[in-house]
Amino acid sequence: MSSYPFHCSNVTRFSHGIAFASRSAGKKHNHKKLQLPKNLRHRRRTEAPPDFHPLIRRVEDPVQYEVPPSESEFESVALHSDYDENDSSDSYDGNVVWESDEIEAISSLFQGRVPQKPRDLNRERPLPLPLPHKIRPLGLPTRKNLIRTHVARSVRQPVANQVYKNPAFLISLAREIKNLPPEDNVSTVLNQWSRFLRKGSLSLTVRELGHMGLPHRALHVFSWVQNQPHLFPDDRILASTVEVLARERELKLPFELDKFLSLASQSVYEAVVRGFAKGGNTRLACRLLSAAKKCKRELSPGVYAKVIVQLGKSPDKRMFALPLLEELAKREDLALNQQDCTAIMSVCMKLGKFEIVEALYDWFKNSGGSPNVVMYTTLIHSRYLEGKYRDAMAVVWDMEASNCPIDLPACRVLIKLFVASNDLSRTARYFAKLKESGLTPTYDIYKEMVGIFMASGRLAKCKEICREAEMAGFKIEIR
């Protein structure tokens with residue numbers, strides 16, 4: 001390796017690691033121990049890295065031993081310590097010289113990451129993604145599309161709004177009142193919830209007590225409501241109370257019905273008629289209807305439907321339903337729900353008024369209603385009784401197209417129709433469908449199946465159905 005010195009200010013460091021401190025010629029020799037200056041004892045920069053590539057000499061080159069410099073040579077070298085490094089590198093020949101960028105690259109390995117070369121400054125950068133607040137059109141701010149569920153709204157509502165019309169809570173009040181001892185008053189249950197109730201809240205509680213067979217407790221609830229200024233007067237709870245009492249036949253009407261009719265409101269009057277009709281007291285219900293007709297007060301068609309249905313249950317009173325049917329036919333604002341319409345069709349079928357059944361079915365279809373299996377069964381039975389088997393089969397096809405679930409009464413009517421039409425394949429198919437759905441055939445179904453198989457001459461099938469009927473508890477004789 002070369003013994004060329006590296007100069008730093010007033011200290012000369014040779015490649016062998018020997019350092020000599022230079023001194024000026026004008027000063028005297030100081031025999032004290034030589035010390036490095038402060039700038040070398042506390043370096044701001046790291047030393048130059050060692051030479052990892054030593055000079056490789058050839059074998060034939062003579063070995064030159066380095067002679068330590070004399071004092072005069074050392075002084076001459078110290079005088080030229082501030083020479084340019086580039087000049088020295090140019091004058092150096094045959095030896096490996098570290099360039100400045102190489103030294104910087106190696107020293108950066110000990111300091112941090114290697115500095116990267118600058119990239120192409122003229123490259124095309126992709127456009128930034130559009131921001132919502134910048135692409136939003138000018139104008140009013142858009143509304144927030146928050147999902148407001150029923151549960152979220154109910155939680156933020158006060159307790160009174162969550163309680164006063166909650167069916168589960170009102171029915172639980174009726175159950176608590178039912179469990180009270182006979183000597184206790186209903187106020188023990190209702191007083192603690194009084195501040196959360198509103199007008200009309202307890203009408204459902206009163207009706208539930210009526211279904212439980214507790215009309216006297218319903219009357220006690222009404223008496224308690226009368227003493228609450230924020231709950232009474234209210235026609236809804238009054239109508240519910242009189243309906244429960246009329247259904248249980250514990251409501252006494254005054255002899256002057258005209259005076260009662262003039263004092264009672266429409267909802268209370270209709271509740272009394274419905275209560276008497278549901279309770280089976282059709283005589284008082286008809287009296288109230290005739291009194292309303294004389295006073296030219298029109299009651300809702302649902303009230304007429306309740307009375308007609310109750311009259312149709314008794315064979316002796318079915319004829320009294322005809323005048324009510326005529327009154328309904330004259331009504332221009334006829335409004336019946338599906339249940340009432342089907343019930344009136346059933347009564348008319350029993351009365352033999354098949355044209356009224358057809359008219360009610362056509363009206364319900366034209367009014368936008370969708371018939372269910374009960375209405376389809378009623379119409380099929382009506383046409384079966386009238387002897388219009390082909391027309392009844394058209395209704396069967398409509399019912400099959402609508403995918404209505406068929407119940408046991410519908411199967412009974414359909415099998416009767418197929419047997420009357422002598423359609424053995426349909427009869428067997430619906431009988432198998434009846435058993436696949438888990439329904440148990442009745443006695444008349446077994447009898448109809450035996451009859452049609454007997455008529456077709458299939459005695460083995462008749463015996464099989466008879467054994468099946470005996471296992472079900474029926475006894476059918478083959479004649």
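See the structure printed just above.
Residues numbered from 1 in each chain as written. Predicted model: local features only at pLDDT ≥ 70, side-chain atom pairs only at ≥ 80, totals over all residues. Heavy atoms only, no water.

Enquirer: Which residues make up helix α24 (residues 443-455), and what are the values?
Expert: In an α-helix, one turn spans 3.6 residues; hence positions three or four apart end up facing the same way. Here α24 is 13 residues long and its end C-alpha atoms lie 18 Å apart, about the 18 Å a rise of 1.5 Å per residue gives. Restricting attention to buried positions, one finds in α24 the residues D444, I445, Y446, M449, V450, I452 and F453. The secondary structure elements touched by the buried residues of α24 are α22 (408-420), α23 (424-436) and α25 (459-471). G457 lies just past α24 and shows a positive phi near 85°. (Helix = DSSP H or I, 4+ residues; strand = E, 2+ residues; numbered from the N terminus. Expected span 1.5 Å × (residues − 1). Buried < 20%, exposed > 50% of the residue type's maximum accessible area, 1.4 Å probe, protein only. Contact = heavy atoms within 4.5 Å.)

Enquirer: Break down the environment of R287 for me, with residues and values.
Expert: Mapping R287 onto the fold places it in helix α15 (residues 282-294). For R287, a relative accessible area of 36% translates into the label partly exposed. In this structure, the C-alpha to C-alpha distance between R287 and V273, residues 14 residues apart in sequence, is 9.3 Å.

Enquirer: Provide a residue-level description of the pattern of salt bridges, including the pertinent values.
Expert: Inspection of every chain in the model, using the stated rule, returns 12 salt bridges. R236 is the salt-bridge partner of D234, the closest N and O atoms lying 3.4 Å from each other. The shortest N-O distance in the salt bridge between K435 and E468 comes to 3.5 Å. Of this pair, K435 sits in helix α23 while E468 is found in helix α25, placing the two residues 33 residues apart along the sequence. According to the relative accessible area criterion, K435 is partly exposed, its value standing at 37%. Here the salt bridges do not stand alone but share partners, grouping E243, R274 and K278 into one network. (Salt bridge = Lys/Arg side-chain N within 4 Å of Asp/Glu carboxyl O.)

Enquirer: Let's hear about the packing of aromatic side chains: which residues, and what values?
Expert: Taken as a whole and judged by the stated rule, the model has eight aromatic pairs. Judged by centre distance (4.9 Å) and plane angle (70°), the ring pair of F169 and W193 falls under edge-to-face. Residue F169 is found in helix α8 (residues 167-178), and its partner W193 is found in the loop between α9 (187-190) and α10 (203-211); the two are separated by 24 residues along the sequence. A relative accessible area of 26% means that W193 is categorised as partly exposed. Consider the rings of Y446 and F474, whose centres lie 6.0 Å apart with planes at 50°: the pair is tilted. Note that Y446 is positioned in helix α24 and F474 in the segment after α25, a separation of 28 residues in sequence. (Phe/Tyr/Trp six-rings, centres within 6.5 Å; stacked < 30°, edge-to-face > 60°.)

Enquirer: Mind laying out the packing of helix α21 (residues 389-401) against α23, listing which residues take part and the relevant values?
Expert: At their nearest, the axes of α21 and α23 sit 15 Å apart, and the two run at 40° to each other. Relative to α23, α21 is oriented oblique. Crossing geometry of α21 relative to α23 is assigned as left-handed. Residues M393, V396, W397 and E400 of α21 form the contact with α23, whose participating residues are R426, R429 and Y430. (Axes fitted to C-alpha atoms, helices over the stretch in contact; angles between N-to-C directions. Parallel < 35°, antiparallel > 145°, perpendicular 65-115°, else oblique. Left-handed = near helix turned anticlockwise from the far one by under 90°.)

Enquirer: Outline the nonpolar core, supporting the account with residue identities and numerical values.
Expert: Y269, V273, L289, V307, I344 and I380 are the most contacted members of the largest nonpolar core, which has 61 residues in total. In terms of nonpolar packing, the next biggest core, distinct from the first, is built from 24 residues, L180, F196, V221 and L231 among them. (Core = buried A, V, L, I, M, F, W, Y, C linked by side-chain atoms within 4.5 Å.)

Enquirer: A description of helix α16 (residues 301-312) should follow, citing residues and the corresponding values.
Expert: Relative to the 16 Å expected for 12 residues at 1.5 Å per residue, α16 spans 16 Å between its end C-alpha atoms, a close match to the ideal helical length. Among the residues of α16, those classed as buried are P301, G302, V303, Y304, A305, V307, I308, Q310, L311 and G312. Of the surrounding secondary structure, the elements contacted by the buried residues of α16 are α14 (266-278), α15, α17 (321-330) and α18 (338-351).

Enquirer: With reference to specific residues and values, describe the environment of S402.
Expert: Its location among the elements puts S402 in the loop between α21 and α22. Owing to a relative accessible area of 36%, S402 belongs among the partly exposed residues under this scheme.

Enquirer: Can you break down the side chain of E358 residue by residue, with the values?
Expert: Structurally, the position occupied by E358 is in helix α19 (residues 354-366). A polar contact is formed between the side chain of E358 and the side chain of R383, at a distance of 2.9 Å. Not counting the four nearest positions on each side in its chain, E358 is found in contact with L379 and R383. (Polar contact = N/O pair within 3.5 Å; in protein donor to acceptor, adjacent residues only side chain to side chain.)

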